[in-house]
Amino acid sequence: MLHVLDHPLAAHVITHLRDKTTKPATFRTLCYQISLLLAVEATRTLPTVEKAIETPLEALTGRVLPAEPLVVVPILRAGLGMVQPFLDIFPDVSVGYIGLERDHTTAIARSYYCKLPPLAGRRVLLVDPMLATGGSAVKAIDVIRAQGGADVTLVSIVSSPEGVAEVVAHYPKLPIFTAALDRELNARKYILPGLGDFGDRLYGT
Ligand code: PRP
Ligand code: URA
């Protein structure tokens, strides 16, 4: 299930992220902004529970988020740039970390770190800005599922058709939220038109 963000502000931010003259400080701000829009969109189906309160004028039964907090899991390192908006808008969030790094020649992701909170019964938002071959996302989802995370949503900023197909082939029902669905991968498995290496542009490396 692919959802592509459709908002003028998203289009504006994505264009500036793609621009090769955008410097890391601005890139980080734009990353925050697009991740905030994605955070709102990707959590549209979060359950709520009733809560009885009193306004200054009368009693009311409103709705609030349930007690079990959301879990946000960035794929290191570029996914770190997407975490702050989730922390800013949700009252309770747990953060887990999965470290994966693509080999420069094969583009196959190697796992180097994993620290996850309890996942059973909680909505897990896996955040990674680039969905290229889909290898990193599938590896991360495999780990999350193996540790009890049954309700997983993938949130990316730029996706390739190949990456989406790879995730769908392994997890047909898993929701994928992205800000842009690009044309294709190049021979080095970078997304075209894309925005280059997200981690390098985020951290100035
Ligand atoms: C990038 C990106 C994704 C991955 C996507 O990370 O942030 O995690 O590539 O590619 P895939 O869909 O083909 O697996 P990279 O491995 O470059 O590591 P970094 O975040 O540390 O820069
Ligand atoms: N990782 C990136 O940062 N960019 C791509 O285009 C592909 C993988």
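Small disclaimer: the values here were computed from a predicted structure and weren't measured.

K.L.:
Got a sec to walk through the nonpolar core? Specific residues and values, please.
P.N.:
Counting residues in each nonpolar core, the largest one holds 35 residues, and the members touching the most others are I14, L17, I34, L38, I157 and F198. Sorting the residues of this core by element identifies helix 1 (8–18), helix 2 (24–42), strand 4 (70–76), strand 8 (123–127), strand 10 (151–159), strand 11 (176–181) and helix 6 (198–203) as the ones contributing at least two each. The element that contributes the greatest number of residues to this core is helix 2, accounting for 7 residues. With residues up to four places along the chain from it excluded, the contact list for L38 reads L5, M82, V155, S156, I157, F177, T178 and A179. L100, L119, V152 and I176 belong to the second largest nonpolar core, which has 23 residues in total.

K.L.:
Describe the packing of helix 4 (residues 135–146) against helix 5 (residues 161–170), with residues and values.
P.N.:
A pair of packed helices can be characterised by two numbers: the angle between their axes and the separation between those axes. Where helix 4 contacts helix 5, the axes come no closer than 8 Å and their chain directions differ by 25°. Taken as axis vectors, helix 4 and helix 5 run roughly parallel relative to one another. Considering the relative orientation of helix 4 and helix 5, their crossing is right-handed. Counted together, A137, V138 and I141 of helix 4 and E166, V167 and H170 of helix 5 form the full contact between these two elements. For the contact of helix 4 with helix 5, the residue count by class is 4 nonpolar, 1 polar and 1 charged.

K.L.:
Please set out the environment of T29 residue by residue, giving values where relevant.
P.N.:
With respect to the helices and strands, T29 occurs in helix 2. For the pair T29 and G81, spaced 52 residues apart in sequence, the C-alpha to C-alpha distance is 9.3 Å.

K.L.:
Can you tell me about the site of ligand 1, naming the residues and giving the values?
P.N.:
The immediate surroundings of ligand 1 are formed by 14 residues, with R102, D128, T133, G134 and S136 found nearest. Within the side chain of R77, one N or O atom sits 3.1 Å away from an oxygen atom of ligand 1. Contact between ligand 1 and T133: an oxygen atom at 2.6 Å from a side-chain N or O atom of the residue. Computed on the free molecule, ligand 1 has an accessible area of 500 Å², of which 91% lies beneath the protein chains in the complex. For the shell around ligand 1, the elements supplying multiple residues, two or more each, are strand 6 (97–102), strand 9 (130–131) and helix 4. Sort the elements by how many residues they give to the shell around ligand 1 and strand 6 lands first, with 3 residues.

Reading the values: rules and limits
- Residues numbered from 1 in each chain as written.
- Chains lettered and ligands numbered in written order.
- Predicted model: local features only at pLDDT ≥ 70, side-chain atom pairs only at ≥ 80, totals over all residues.
- Heavy atoms only, no water.
- Core = buried A, V, L, I, M, F, W, Y, C linked by side-chain atoms within 4.5 Å.
- Buried < 20%, exposed > 50% of the residue type's maximum accessible area, 1.4 Å probe, protein only.
- Helix = DSSP H or I, 4+ residues; strand = E, 2+ residues; numbered from the N terminus.
- Contact = heavy atoms within 4.5 Å.
- Axes fitted to C-alpha atoms, helices over the stretch in contact; angles between N-to-C directions.
- Parallel < 35°, antiparallel > 145°, perpendicular 65-115°, else oblique.
- Left-handed = near helix turned anticlockwise from the far one by under 90°.
- Nonpolar A, V, L, I, M, F, W, Y, C, P; charged D, E, K, R; others polar.
- Near = heavy atom within 4 Å.
- Polar contact = N/O pair within 3.5 Å; in protein donor to acceptor, adjacent residues only side chain to side chain.
- Areas by Shrake-Rupley, 256 points an atom, 1.4 Å probe, with all protein chains shown as cover.

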